[in-house]
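Listed below are the residues making up each chain.
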Amino acid sequence: MSKRTVLSLALAIFMGALCFAQEAEISPIPDNKGSLGLGYGTPYGGLGLNADVYFFDTAAVTIGVGSYGYTAGVVLGVKGFYGPSTKTWRPQAVLLYGTNRAIYVDREPEEPNIRESCSGFTAGLGSQFMFGKKKRHGFDFDILYVISSEAFDRRDYWNPQLVNKIPEIQRFGFSLGYRYAFDLKY
């Protein structure tokens with residue numbers, strides 16, 4: 001085949017695809033373009049607040065700010081949802097970067113206590129349950145897995161000095177929170 005024939009065929013296929021695309025139904029912009037949450041777990045920065053801003057009906061940017069007791073927790077990430085925002089139950093996947101573990105050790109009176117926040121990547125699977133006529137209120141729950149964290153290196157650093165007083169750092173965790181969805185005006 002000559003280049004002219006290939007280009008003509010590609011152009012015809014492209015134009016035909018555009019004609020079929022005009023028949024497709026365009027989904028409306030979701031009513032709930034943001035949500036705020038109050039809860040516990042890595043998406044909430046420990047015990048704290050979380051905000052989602054939807055850039056598609058099934059995807060959102062998320063940020064959490066909270067406390068792990070003696071240290072602050074901050075996390076940023078993305079969430080993916082299965083199904084439209086009008087559903088009561090929507091499975092979700094989350095990928096986060098930020099504070100995902102904290103190390104606390106009370107030492108002898110003459111030595112300072114150890115209080116460290118550790119950052120890394122965390123992934124999770126869970127569900128969001130929204131209720132009410134407009135699906136404005138709800139709960140979310142995630143099972144989380146720590147992919148990476150500074151906590152593993154810090155534990156190895158401190159344990160020889162502290163005679164293994166730091167317990168094993170767990171890779172699995174959970175989050176649970178209450179959510180309120182709303183329309184963003186931007």
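The structure under discussion appears in the preceding block.
What counts and what doesn't
All residue numbers refer to position in the chain's written sequence, counted from 1. Local features in a predicted model are, by the rule used here, given only for residues with pLDDT of at least 70; side-chain atom pairs are given and counted only at 80 or more, and totals for whole chains, interfaces and linings are based on all residues. The side-chain values count all of the structure's non-hydrogen atoms but skip hydrogen atoms and water molecules. In short, DSSP must find at least two bridges between two strands for them to pair. Under the DSSP-based scheme used, a helix requires at least four consecutive residues in state H or I and a strand at least two consecutive residues in state E, with every element numbered from the N terminus. Note on geometry: axes are C-alpha line fits, over the in-contact stretch for helices, and angles between N-to-C directions span 0 to 180 degrees. Between buried and exposed lies partly exposed: a residue is buried under 20% and exposed over 50% of the maximum accessible area for its type, with that area taken using a 1.4 Å probe on protein chains only. Take the buried Ala, Val, Leu, Ile, Met, Phe, Trp, Tyr and Cys residues and link them wherever side-chain atoms come within 4.5 Å; each set so joined is a nonpolar core. By definition, residues are in contact when any of their heavy atoms lie within 4.5 Å.

Caption draft 1: Representation of the sheet that holds strand 1 (residues 34-41). Taking strand neighbours around the barrel as the criterion, the 8 strands line up as 1-2-3-4-5-6-7-8 in a closed arrangement whose pairing is antiparallel. Adjacent strand axes in the sheet meet at a mean angle of 25 degrees, parallel and antiparallel pairs treated alike. Looking at chain direction, strand 5 (residues 89-105) and strand 6 (residues 114-131) are connected through 16 bridges and run antiparallel. Note that in strand 6 the partner of Trp-89 across the bridge is Phe-129.

Caption draft 2: Structural detail: the pairing of strand 4 (residues 72-81). Residues Gly-73, Val-75, Gly-77, Lys-79 and Phe-81 point to one face of strand 4 and are all buried, whereas Ala-72, Val-74, Leu-76, Val-78 and Gly-80, pointing to the other face, are not buried. In terms of strand pairing, strand 3 (residues 59-67) meets strand 4 through 9 bridges, oriented antiparallel. The residue of strand 4 that forms the bridge with Gly-66 is Gly-73. The antiparallel hairpin formed by strand 3 and strand 4 contains 4 residues in its connecting segment, where Gly-69 sits at a positive phi of about 100 degrees. Across 7 bridges, the pairing between strand 4 and strand 5 is antiparallel. Paired with Lys-79 across the two strands is Val-94, which belongs to strand 5.

Caption draft 3: Examining unusual backbone geometry more closely. Unlike most non-glycine residues, Lys-135 shows phi in positive territory, near 55 degrees. With respect to the secondary-structure elements, Lys-135 resides in the loop between strand 6 and strand 7 (137-146).

Caption draft 4: Region of the structure containing the pairing of strand 8 (residues 172-182). Here strand 1 pairs with strand 8 via 7 bridges, running antiparallel. The partner of Ser-35 across the bridge, within strand 8, is Ala-181. One ladder, built from 9 bridges, connects strand 7 with strand 8; its direction is antiparallel. Directly across from Tyr-145, in strand 8, lies its bridge partner Phe-172.

Caption draft 5: Inspection of the nonpolar core at higher detail. The biggest cluster of nonpolar side chains holds 10 residues, and these are Ile-103, Val-105, Ile-114, Cys-118, Val-146, Ala-151, Phe-152, Trp-158, Ile-166 and Ile-169. Counting only elements with at least two residues in this core, the list comes to strand 5, strand 6 and helix 2 (150-162). The greatest single-element share of this core, amounting to 3 residues, is contributed by helix 2. With near-sequence residues (within four places) excluded, Ala-151 lies in contact with Arg-101, Ile-103, Cys-118 and Ile-169.

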